[in-house]
Amino acid sequence: MAVVGDLALMGTKISPNKVISKLEKRVFGVPVSSSQRFSFSHARNLEVIKKSRIAVKAVMQVGLEKIQSLNELKSLKEGSLGFDVVTERELKENGFLGLRKTKLVCTIGPACCSLDELEKLAMAGMNVARLNMCHNSREWHQDVIRKIKILNQEKGYSVSVMIDTEGNQIQVVDHGSSSSVKAEEDSIWYFTTEKFEGSRPFTIQANYEVFSEGVNPGDEIVIDGGMATFEVIERVGNDLRCKCTDPGLLLPRAKLSFWRDGKLLGTGYDLPTLSTKDWSDIVFGISEDIDFIAVSFVKDADAIKHLKDYLATKSSKAIKVLAKIESLESLRRLEEIVEASDGIMIARGDLGVEIPLEQIPSVQEDITYVCRQLNKPVIVASQLLESMVEFPTPTRAEVADVSEAVRQYADALMLSGESAIGSYGMKALSVLRTTSTRMEQSCREENRQTLLHQRKLGVSLPDQIAEQICNCAVEMADNLGVDAIFVYTRHGKMASLLSRNRPNPPIFAFTNDSGTRMALNLQWGVTPLLTDLSDDMEANVKKTVELIKGKGMIKTDDAILVVSDTIPISTAQTIFQSIQVMTIA
């Protein structure tokens with residue numbers, strides 16, 4: 001197998017002699033000779049791989065060649081590409097380098113749950129629809145999921161579905177209204193665990209029977225990280241009589257936290273990460289063929305591992321599990337949680353309750369960095385454009401916050417209340433789209449993506465080779481100034497490794513697995529396309545190029561770098577990994 005290693009294709013010009021001389025020192029087997037086409041290939045079965053009964057054949061190919069006339073391609077089987085209508089439109093209008101790379105997640109709520117509103121969000125760039133299981137009924141969620149699938153199947157969109165578990169937490173069950181109510185300054189409220197039908201004015205029903213344990217007069221109750229604040233006046237049995245000191249909105253299912261002398265009050269409640277309701281919601285999600293599960297209030301890696309084991313036995317689809325980082329406990333065990341999960345959501349609202357506000361920016365950057373090092377997608381969430389829940393224009397500080405998340409190369413940005421209950425959800429999504437596109441352009445001009453020193457992830461030799469191939473492929477793509485990277489992948493591994501390097505050109509990931517396609521919707525810079533893949537790599541390339549050119553989305557003289565990790569089902573399970581560079585005739 002060819003070990004790519006520190007492939008000497010780092011400059012702006014390529015010298016065949018220098019390249020081959022370098023590879024003679026690094027590639028197992030006989031020296032590689034040059035040819036008129038400037039291409040080379042080499043393969044060797046590795047004894048270490050043979051011992052595991054898998055014959056691995058890695059081929060490293062680098063070539064500058066012309067795709068021949070489309071007449072040569074007529075013998076190929078006619079196929080189709082799973083281009084969603086939004087990407088197809090953007091590509092025709094803006095070209096390869098004009099494609100947005102940061103993915104957008106929208107929380108679906110009463111303000112945007114109709115088929116028409118969902119389609120508007122999809123057309124405006126929503127890549128993933130998030131359903132917060134804290135709110136609405138099971139039937140409501142099922143209806144939304146099925147509407148999204150209608151959009152995907154019948155209208156050509158590609159929107160993934162994520163459910164977000166409620167988690168075990170102390171929160172409001174009822175506060176006197178089916179929607180938000182405002183707590184006025186100096187108003188007196190009762191926090192109780194008493195179960196009653198309907199609602200009572202100035203009464204907040206908590207969901208945990210011993211929520212007031214350890215809480216004393218003079219302590220503060222903070223609602224949803226600061227939406228409103230109450231001072232505890234007295235205990236009345238297990239209930240609390242409180243005065244509103246900071247007026248604000250009380251939302252259904254709002255979270256409660258307790259403070260004493262400016263510090264978060266440790267409750268000591270030993271609540272499991274996943275509640276009984278969460279498990280029921282997970283079973284529901286499996287039945288509805290969702291793509292992601294975001295787990296709330298993760299304390300350590302065990303809950304994530306347990307859920308992934310459960311999904312492996314209950315679902316034929318590889319549902320991805322994301323861990324939400326929103327507590328001190330999760331920060332203390334950050335790396336083990338990131339390693340165990342398939343991705344991370346930085347829930348800044350809840351996190352801001354547990355750590356000083358001034359630490360949020362640096363913690364966000366640290367989490368984003370760790371996720372990229374470990375090759376896990378990361379979503380920056382909570383209050384990105386909070387003012388747009390009520391107003392049509394964001395604050396300049398909010399736009400700067402969004403830009404900073406993009407500058408840190410977060411994989412995705414998420415709208416919460418802005419889209420779920422806000423009056424200007426479409427405008428908020430437009431702000432995310434235009435701001436991220438502009439900052440991506442700025443980062444590309446600064447050439448910032450080369451500054452990250454990548455941690456080596458591969459343990460087995462094949463994994464190490466795949467990782468090195470992707471690292472070198474991105475460096476080649478940037479140095480050569482190619483227009484796009486095409487990767488042919490069954491499970492998305494090499495597509496994610498390419499994304500990790502944050503290349504200048506967009507990544508088009510061709511896969512024959514629908515689950516892989518939907519999972520890649522969360523990867524920075526990756527446009528996943530569903531198509532048939534054969535064991536013949538050259539046939540795959542020619543077919544897809546023909547189809548894209550037929551749609552008018554690729555032009556003569558466009559340069560494309562092609563990477564493959566397809567695993568043929570014949571020829572003794574030989575793995576074929578390659579890099580090619582070609583221009584379109």
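Residues numbered from 1 in each chain as written. Predicted model: local features only at pLDDT ≥ 70, side-chain atom pairs only at ≥ 80, totals over all residues. Heavy atoms only, no water.

### Focus: the overall build of the protein
Argument step 1. For the protein, the helix and strand inventory stands at 18 helices and 24 strands.
Argument step 2. Per element, the accessible surface of the protein, about 25000 Å² overall, is 50% carbon and sulfur. (Helix = DSSP H or I, 4+ residues; strand = E, 2+ residues; numbered from the N terminus. Areas by Shrake-Rupley, 256 points an atom, 1.4 Å probe, with all protein chains shown as cover.)

### Focus on the environment of Asp84
Argument step 1. Within the fold, Asp84 resides in the loop between strand E1 (64–66) and helix H3 (85–94).
Argument step 2. In this structure, the C-alpha to C-alpha distance between Asp84 and Ala122, residues 38 residues apart in sequence, is 9.9 Å.
Argument step 3. Filtering out sequence-adjacent residues up to four positions away, Asp84 remains in contact with Gly156, Tyr157, Ser158 and Arg517.
Argument step 4. Engagement of the side chain of Asp84 in a polar contact is seen with the side chain of Thr87, the distance being 2.7 Å. (Contact = heavy atoms within 4.5 Å. Polar contact = N/O pair within 3.5 Å; in protein donor to acceptor, adjacent residues only side chain to side chain.)

### A short note on the pairing of strand E3 (residues 128–132)
Argument step 1. With five of five residues buried, E3 is to be regarded as a mostly interior element.
Argument step 2. Residues Val128, Arg130 and Asn132 of E3 are buried on one face, and the alternating residues Ala129 and Leu131, pointing to the opposite face, are buried as well.
Argument step 3. Of the pairings in the sheet, the one linking strand E2 (residues 103–107) to E3 comprises three bridges and is parallel in character. Each residue of the ladder has a partner; that of Val105, found in E3, is Val128. (Buried < 20%, exposed > 50% of the residue type's maximum accessible area, 1.4 Å probe, protein only. Pairing = 2+ DSSP bridges.)

### Topic: the side chain of Glu88
Argument step 1. Turning to its location among the elements, Glu88 is positioned in helix H3.
Argument step 2. If sequence neighbours within four positions are ignored, Glu88 has contacts with Phe83, Lys551 and Met553.

### Examining the packing of helix H4 (residues 115–123) against helix H5 (residues 138–155)
Argument step 1. Orientation of H4 relative to H5, taken along the N-to-C sense of each, is 55 degrees, at an axis distance of 10 Å. The orientation of H4 relative to H5 falls into the category oblique. Between H4 and H5 the crossing geometry is right-handed. When H4 is examined against H5, the residues Leu115, Leu118 and Glu119 are found in contact with a partner set consisting of Val144, Lys147, Ile148, Leu151 and Lys155.
Argument step 2. Residue composition of the contact of H4 with H5, grouped by class: five nonpolar, no polar and three charged. (Axes fitted to C-alpha atoms, helices over the stretch in contact; angles between N-to-C directions. Parallel < 35°, antiparallel > 145°, perpendicular 65-115°, else oblique. Left-handed = near helix turned anticlockwise from the far one by under 90°. Nonpolar A, V, L, I, M, F, W, Y, C, P; charged D, E, K, R; others polar.)

### A word on the confidence of the model for the protein
Argument step 1. Taken as a whole, the protein shows an average pLDDT of 81; of its residues, 80% reach a score of 70 or greater.
Argument step 2. Segment residues 1–79: pLDDT under 50, and 139 contacts once partners within four positions in sequence are set aside and those in other chains are kept. (pLDDT = per-residue confidence, 0-100.)

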